[in-house]
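# A closer look at the structure
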Amino acid sequence: MKDDFTIESNECVAERTWRLVLLSDDTHYLFSGEFVDIAVPGFYLRRPISVCDSSEGRIVLYYKVVGEGTKALSGMAQGSRLNLLTGLGNGFDASLCTSSALLVGGGLGSAPLYPLARELKAAGKNVRVILGFNKASETVLEEEFRSLCDGVEITTMDGSRGIKGLVSDAPSFHRTDYDCFYTCGPLVMMKAVCKALPIPGQLSLEERMGCGSGFCYGCTVQTASGPRRVCKDGPVFNKEDMIW
Amino acid sequence: MVKDLSVNLGGLRLKNPVIPASGTFGFGLEMAEYFDLNLLGGISLKGTTREARLGNPTPRIAEAHCGMLNSVGLQNPGIDALVGEKVPALRKIYDGAVIANISGFSVEEYAWNCEKAYACDGIDIVEVNVSCPNVHDGGMAFGTEPSSAAAVTKAVKEVCRKPVFVKLSPNVTDIVAIARACEDAGADGFTVANTFLGMRIDLKTRRPVLANKVGGFSGPAIFPIALRMVWQVSHACSVPVMGCGGVASARDVIEMMMAGASAVQVGSENIRDPYACRKIVEELPETMAGLGIDSLEQIIGTV
């Protein structure tokens, strides 16, 4: 679905990290793990960004300024219009969890886990979260997860916030009462998480995309069940799908 | 006055000249959720080889000013899946022209694949891709020499009695020489042209953006070059041409047709906007009215 949105707010909330709130006249029910594809004025291809939160006619996105496109996006003012493709991707499957889940986010990979945490809590599940960042100044969404979940631990590579080290250095990583996990973040982190945890799990992949809708075959990855498009068959895959 | 958008392409009557280009519209089926495919003049399906191919490693998409690069590398399920599954499934929801885009790594493979496409009822036109820049020892290797392009054309024409359109490479010194050689070998038409070989470098990593290092450049940036090539080929040859390269609007379609195109393919614009072809088809009557054009066929090659 293609729709024009109005920027309600677009502000820097952490180092190189922006929070974008968009409004539309139409209701967009967005599920966890889904993404939108934003046409940034002056740039040819759209920018795929995971949805962090949504309610009637309103969506919240987090993005990092990494190149010219996201830099231009960060300069867009309240009231500006943006054209989005919505309803993209296959999201997280909350029904994978029977009673207790571990969510592991790395950097802005934390954002798509937030609506999942809400979904799991609404279904009465026990949800613990580990969020890993490089340093304190990059930390996002900590309070949002704390208000929702049964436990939140922060790790930073330089120790400037929470536990110093990797997400696997957090004590809650080593609990054995989870029946599944969900993770999103850098590939090396997700690989380590998938290899370390002997329970079912899902991860969300990132890839340079063309269409974002499954017809250009630009973002194909090889999986245990054959070639799969990150944009359409993913971005969420089961741990068993991965060929590391 | 009602505008006549229909065109004749290789003996087929198309309701309009707008055709999504191969590789930018999947096998059509992927697009059915966006709009009714039956408003399209035709659909050129994703390039197909004899064996299934996984394509190149990622990243295989890069951005550029006014365009994009791809190095997908002919990911496809193979010719048997095309004729046995993809085309029959598309035919259940679509009654316009179906163009099978065929690639190969040898003259024999092109002929093998085209014979299968000929035997498939749902396929109307065979587009022979001698111009894919993203595979080694195949694709473009055949389209950059008149003799090899003609050899492929001749072999295909011996086994396929459906209209054969040769999709030419723009990465050549003299596209007309190659077109003439193919026409002499029996080509029923041309698609002009495929993508331009290009490259981007990530300044931070100091590495090529594409894992394949180079890829095909497409988008509005190449429109004037593609238009020039359509004009050259359509005036040098007597067979019809499908114009392809950077088309993004109804005005671009009309410009391509004035240059000599009988039909017009829309490529990268689909990737920016899955509704692009529908938008262009819907814009055509009003654009024609503004230019005093009653029938699109009357403007073909008028420049």
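Everything in this summary refers to the structure shown in the same document. It should be emphasised that the depicted structure is a prediction, and the values quoted were computed from it without experimental measurement.

### Side note on the nonpolar core
Residues and elements named next belong to chain B. The biggest cluster of nonpolar side chains holds 175 residues, and the ones touching the most others in it are Val 230 and Val 264. With seven residues, helix H5 (residues 223-236) is the single largest residue contributor to this core. Setting aside its immediate chain neighbours within four residues, Val 264 contacts Pro 17, Val 18, Ile 19, Met 242, Gly 243, Val 247, Val 253, Met 256 and Met 257.

### Overview of the packing of helix H2 (residues 107-118) of chain B against helix H3 (residues 146-159) of chain B
Residues and elements named next belong to chain B. The interhelical angle for the contact between H2 and H3, taken along N-to-C directions, is 35°, at an axis separation of 8 Å. Relative to H3, the crossing made by H2 is right-handed. For the pair H2 and H3, the contacting residues are Val 107, Tyr 110, Ala 111, Cys 114, Glu 115 and Tyr 118 in the first and Ala 151, Val 152, Ala 155, Val 156 and Val 159 in the second. Considering only residue class, the contact of H2 with H3 consists of ten nonpolar, no polar and one charged.

### Things to note about the packing of helix H6 (residues 250-259) of chain B against helix H8 (residues 276-290) of chain B
Describing two packed helices takes the angle between their axes plus the distance from one axis to the other. Residues and elements named next belong to chain B. Where H6 meets H8, the closest approach of the two axes is 8 Å, and the angle between their N-to-C directions is 70°. When the interaxial angle is binned, H6 and H8 end up roughly perpendicular. Contacts from Ala 250, Arg 251, Val 253 and Ile 254 of H6 reach H8 at Ile 280, Glu 283, Leu 284 and Thr 287. Its residues placed into classes, the contact of H6 with H8 shows five nonpolar, one polar and two charged.

### Focus on the pairing of strand S1 (residues 2-14) of chain A
Residues and elements named next belong to chain A. Bridge count between S1 and strand S6 (residues 81-88): five bridges; the pairing is antiparallel. Paired with Asp 3 across the bridge in S6 is Leu 84. The pairing of S1 with strand S2 (residues 17-23) spans seven bridges and is classified as antiparallel. The residue of S2 that forms the bridge with Ile 7 is Leu 22.

### Focus on the sheet that holds strand S3 (residues 35-39) of chain A
All names here are of chain A. Ordered in space as S1-S2-S5-S4-S3-S6, the six strands form a closed barrel in which the pairing is antiparallel. Recorded for the sheet is a direction-independent mean angle of 45° between the axes of neighbouring strands. Looking at chain direction, S3 and S6 are connected through four bridges and run antiparallel. Directly across from Ala 39, in S6, lies its bridge partner Asn 83.

How each quantity is defined
- Residues numbered from 1 in each chain as written.
- Chains lettered and ligands numbered in written order.
- Predicted model: local features only at pLDDT ≥ 70, side-chain atom pairs only at ≥ 80, totals over all residues.
- Core = buried A, V, L, I, M, F, W, Y, C linked by C-beta atoms within 7 Å.
- Buried ≥ 20, exposed ≤ 12 C-beta atoms within 10 Å, placed from the backbone.
- Helix = DSSP H or I, 4+ residues; strand = E, 2+ residues; numbered from the N terminus.
- Contact = placed C-beta atoms within 7 Å.
- Axes fitted to C-alpha atoms, helices over the stretch in contact; angles between N-to-C directions.
- Left-handed = near helix turned anticlockwise from the far one by under 90°.
- Nonpolar A, V, L, I, M, F, W, Y, C, P; charged D, E, K, R; others polar.
- Parallel < 35°, antiparallel > 145°, perpendicular 65-115°, else oblique.
- Pairing = 2+ DSSP bridges.

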